[in-house]
Structures are given as C-alpha cells and as structure tokens.
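Residues per chain are reported as follows:
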Amino acid sequence: MELDSLSSLEKREILFTDIKNAIEVNWINHSKLPNNDAIIRSMLTLSDIDSAEARLRRFAPFIKMAFPETVEAKGMIESPLIEVPELRKALNREKIGANLAGKLYMKMDSELPIGGSVKSRGGIYEVLKYTETLAVENGVLDSFEDDYCKLASPAAKAFFGTKKLHIGSTGNLGLSVGLMGQALGYETIVHMTSEAAEWKKELLRDRGVIVKVYDGDYSEVVAKAKAESVVDANSHFVDDEDSKEMFLGYAVAGKRLKKQLRQQGIVVDKEHPLFVYIPCGVGSTPGGITFGLRQFLGDHVHCFFVEPTQAPCMLLGMVTGLYNNITVQDVGLSGKTHADGLAVGRPSAIIGDFIKPFLSGILTVKDKRLFDYLRILWESEKTFIEPSSCAAIHGPVCWGHSKEMADYLEDNNMNRYMENATHIIWATGGGLVPENVRQELLTKKV
Ligand SMILES: *Cc1c(COP(=O)(O)O)cnc(C)c1O
C-alpha cells in the first residue's frame, strides 16, 4: 500500500511500531509553527538569550585567566564553523547516497574550550549563573560591574571551597561542570552512569573532582545526584533534566552562529534555507540550540534532532504526547547505545513540550552507522568527533533516502531552493578524547 493513501492514524501506528522495533525513522513534526506564533506561547524570549550572553561576557576576563586556551578568543567559549566539502563528496557517493545539494558545514563544538564538547555552553553557563548570584550576595563581587578576575583570588576560592556542585552525567556534562567547578574552587561531585567513557572519569579524578559511578539508567543516576544535593544547604544541583539556565546557555549559540554566518557570507532566507542537525540525549542541548537559532535566524532555519534507535526518548515523548512520562524501556527498547552521550531513556521534563513549535523533526540512527560516519569523516576531512556526535552526520544522509524528508520539502515549497541550501552538522563532542581511545573508536565494528 502507498503511504500516501494511509490515514494519519495508520501512519502513526506504523511509526510507533518502527520506533518499538528499533527501525530507523524520519519523523516530521506537524506541530511546528512560524516563529512569531510559536514565541507567543513561549516562557522564554530573545531577551533572555541576550542577558545570558551578557553574563558570559562579564565572566570572560575570569575565564581568560583560568583557562589559557581561551586567551585568543578573549575568554569567550566559542567554536569555528567550517565547510566540509570532502565529507559532502564522501556522503554523496553511491555507498551512502546522501545526494545532497547545497553546501555542507560543521559547527565544531567538539572543539569548544574547557570541556571539549557542547556542554561547555550549557553546563558551564549554569555554573557561572549560580556563581555570580552567590558572589554578589556574599560580597565576593561588589556588583555585576565589578572585576570578575577577583573570582580567581584566594579569598574567592576559599569562599567557594565551602560550596558544592552535584551533577548527574553521561560523561561530557560532568567534564564541563567539573572542570569549571574546580577552577572556581567548588567541591564538585559528578555522578556518572557505568557506561560513561572510562577516560572521562579518569580525567575528572585527576583534576580532583569526586566521581561516583552507578549501574542504573541515566535518570536513576540524576535522581541519586539530586537526592544527595538537596539535603545539603551548601550544595547546588545542576539538573540536566530540568534546567532553564542550561537551556539558555545552549541558546546563546543561535546568536553567535548568526554572526558567524554573516562573517562567512552565508545568507539565510526563503531562497537560501538553512538545515541544522543536532544529536539529542535528554534534549536540553538540541532544544536550546534550536530555540536560539529560531530566535536569531527566523523561519528559514530548519532544525532536526538525531537520536539512536535504541534510545529515542525525545521522539517517543513527542509522538505519544507523554513527554517525560514515558521511557524507551516502557516500549521494550534497551536504552543502550555506543553513543554514550545519548544513552538516555527518559527525556527532559521541560524541553519536549516547549520546543515542539520550533522543531522540524527527529531522525533516528543505528549504532553501526555512527562508526561508519566516524571513519568517513576521519578519512575525508581528517577530523575526529566522538560517536554520539556522529549521529548528526545522519541528518544530511537522510535526504537521499527519506520519503518523509522529501514530503517536508514539497509541503514547504522548498525543492527549487535546495541548490542554495546550507546544511550544518552540529559536532557536539570529541575534542578531549585521548589518542589511544580515538584509534580504538576508528577501528571499532559493532
Ligand atoms: C550531551 C551530549 C549530547 C546531547 O545533549 P542533551 O542535552 O543530553 O540532549 C549530544 N552529543 C554529545 C557529545 C553530548 O555530550
């Protein structure tokens, strides 16, 4: 039977069955709205992102002092946007068959300073926001206009040494929060899943961060971290499943990318659509970035999340309308994936419902492909990113195979503009992966 002749109810049934059977799907979100309509029901606005960006600027002198790798960028935590023509060629070859028109870029958040991942945006932003409030309330800083380099003084360190940060992490969030927490003098406790990469645990322990490891699912680990934090008046819990602050930290990327696009002469308008593909775990990262991009670039940016077929928690929450009240385990999936940063069974409590009017769709990808993409990227561009990050490379590939994606273009009258399109793979992590682990991943077969 032709899919076109199926009712939407039947299509939903098929989609749901495919998700349960861990089959790769391309889901188009029919609840997407023009930005002006979407923003009306939004709890956050462009001015919230502006004030987050201003906060990051206030901290820049301190960051520059504490992290020498940020000196050149004057203490700003930002990454390059680079064109990847060789990857485009490789994906367009028959074997992969992306058949991609337009240009292909990568946003190199895998190389962000401090944490080597996109978590250097959201995770670090939340630590800074909390720090600023504490510092001003307790006289460590006189005001928001004070010299933030004072935060590196022994007196400031002594003050923050009496405070704790608790965080649940699949790995990268722990790295970002742990390293920034450490630089400010906090006692930082990172609670990790046993699946989190060993080198991430070691790196944190080497820097004096306390790492606790648990066998359970990510949501259980987050619950344990929270339980330990809430009973301690001197502790702050960085809540990956429910943090407006972290979300805003990610959203700043929208403002920064707009500037980068302009500098590189890349136009975004009706005749020049922009497509962005972002790996999704709990959803905070891709949600924040999508929100920021829609606020700063408008209706001609089309954002897609990418999730592993065994852990499509955001997709499941959205198509059932149950959001964080359903887990991938509830429908018989394992939640296990080699994409450790995406090994999440239950989505964020705040993202799904919030981001729905801004989001174009969600794609799922099998683990096997992640390692194919990892090698193809390495061979074509000599660029390394971690497996979780490789999920984003699946985005451009879907255009060559997907009826749903073709319909999306048709429905939005975009076919004729695809030659002018820009595609951005959001590389979310990999910068700190040690050489021996890189070699292992490059030869890994699953
Ligand atoms: C955390 C992470 C993601 C996804 O972020 P969420 O906020 O959990 O959705 C994607 N890629 C990498 C490398 C990550 O570390």
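Refer to the structure printed above.
Residues numbered from 1 in each chain as written. Predicted model: local features only at pLDDT ≥ 70, side-chain atom pairs only at ≥ 80, totals over all residues. Heavy atoms only, no water.

**Some details on the packing of helix H3 (residues 46–66) against helix H5 (residues 119–137)**
At a closest axis distance of 10 Å, the pairing of H3 and H5 adopts a crossing angle of 85°. With respect to their mutual orientation, H3 and H5 come out roughly perpendicular. Between H3 and H5, the residues in contact are Ala52, Arg55, Leu56, Arg58, Phe59 and Ile63 and Tyr125, Leu128, Lys129, Thr131 and Glu132, respectively. (Axes fitted to C-alpha atoms, helices over the stretch in contact; angles between N-to-C directions. Helix = DSSP H or I, 4+ residues; strand = E, 2+ residues; numbered from the N terminus. Parallel < 35°, antiparallel > 145°, perpendicular 65-115°, else oblique. Contact = heavy atoms within 4.5 Å.)

**Quick word on the site of the ligand**
Taken together, 16 residues lie around the ligand, and Lys119, Asn172, Gly281, Gly283 and Thr428 are the ones closest in. For the ligand, an oxygen atom lies 2.7 Å from a polar atom in the side chain of Asn172. In the environment of the ligand, an oxygen atom lies 2.7 Å from a nitrogen or oxygen atom belonging to the backbone of Gly283. Protein burial of the ligand: of its 380 Å² of free accessible surface, 99% is covered by the chains. A per-element tally of the shell around the ligand places helix H11 (residues 284–297) first, with three residues. Class assignment of the residues belonging to the shell around the ligand gives a composition of five nonpolar, nine polar and two charged. (Near = heavy atom within 4 Å. Polar contact = N/O pair within 3.5 Å; in protein donor to acceptor, adjacent residues only side chain to side chain. Areas by Shrake-Rupley, 256 points an atom, 1.4 Å probe, with all protein chains shown as cover. Nonpolar A, V, L, I, M, F, W, Y, C, P; charged D, E, K, R; others polar.)

**Re unusual backbone geometry**
At Lys74, a position not held by glycine, the phi torsion is positive, near 55°. Checked against the element boundaries, Lys74 lands in the loop between H3 and strand S2 (81–83). Using a relative accessible area of 61% as the deciding quantity, one classes Lys74 as exposed. Even without glycine at this site, Tyr323 takes up a positive phi of about 45°. For Tyr323, the location among the structural elements is in the loop between helix H12 (313–320) and helix H13 (351–355). (Buried < 20%, exposed > 50% of the residue type's maximum accessible area, 1.4 Å probe, protein only.)

**Things to note about the sheet that holds strand S5 (residues 187–193)**
Taken in spatial order, the four strands make up an open sheet running S6-S5-S4-S7, and their pairing is parallel. Edge strands, defined here as strands with exactly one partner in the open sheet, are strand S6 (210–214) and strand S7 (235–238). Strand-to-strand twist of the sheet, defined as the mean angle between neighbouring strand axes without regard to direction, takes the value 20°. Inspection of the sheet shows strand S4 (residues 164–169) paired to S5 by six bridges, in the parallel sense. What sits directly across from Gly168, in S5, is His191. Contacts between H5 and the sheet are confined to S4 and S7, with S7 contributing the most and set at about 150° to the helix. The strands touched by helix H9 (residues 218–230) within the sheet are S4, S5, S6 and S7, with S4 carrying the most contacts at an inclination of about 170°. (Pairing = 2+ DSSP bridges.)

**Observations concerning the packing of aromatic side chains**
Using the criterion set out here, one finds 13 aromatic pairs in the structure. Ring centres of Phe291 and Phe358 lie 5.3 Å apart, and the angle between their planes is 85°; on these two criteria the pair is classed as edge-to-face. Residue Phe291 is located in helix H11, and its partner Phe358 is located in the loop between H13 and strand S10 (361–365); the two are separated by 67 residues in the primary sequence. One aromatic cluster is present, built from ring pairs that chain together Phe275, Tyr277, Phe304, Trp399 and Tyr408. One Lys or Arg, Arg58, reaches over the ring of Phe144 and ends 4.6 Å from the middle of that ring. (Phe/Tyr/Trp six-rings, centres within 6.5 Å; stacked < 30°, edge-to-face > 60°. Lys NZ or Arg CZ within 6 Å of the ring centre and 35° of its normal.)

**Re helix H1 (residues 8–20)**
Helix length check: H1 (13 residues) gives 18 Å between terminal C-alpha atoms against 18 Å at 1.5 Å per residue, within 8%. Ala22 sits one or two residues past H1 and shows a positive phi near 60°. (Expected span 1.5 Å × (residues − 1).)

**Section: the pattern of salt bridges**
Summed over all chains, the structure comprises 26 salt bridges. Glu24 serves as the salt-bridge partner of Arg369, at 2.8 Å between the closest nitrogen and oxygen. Placement of Arg369 in helix H14 (residues 367–381) and of Glu24 in the loop between H1 and strand S1 (26–28) is noted, with a sequence separation of 345 residues between them. In this structure, Lys255 engages Glu53 in a salt bridge whose closest nitrogen and oxygen atoms are separated by 3.7 Å. Taken together, the residues Lys255 in helix H10 (residues 244–263) and Glu53 in helix H3 connect sequence positions 202 residues apart. You can call Lys255 partly exposed: its relative accessible area is 26%. Here the salt bridges do not stand alone but share partners, grouping Asp50, Glu53, Arg57, Glu78, Lys107, Asp109, Arg121, Lys255 and Arg256 into one network. (Salt bridge = Lys/Arg side-chain N within 4 Å of Asp/Glu carboxyl O.)

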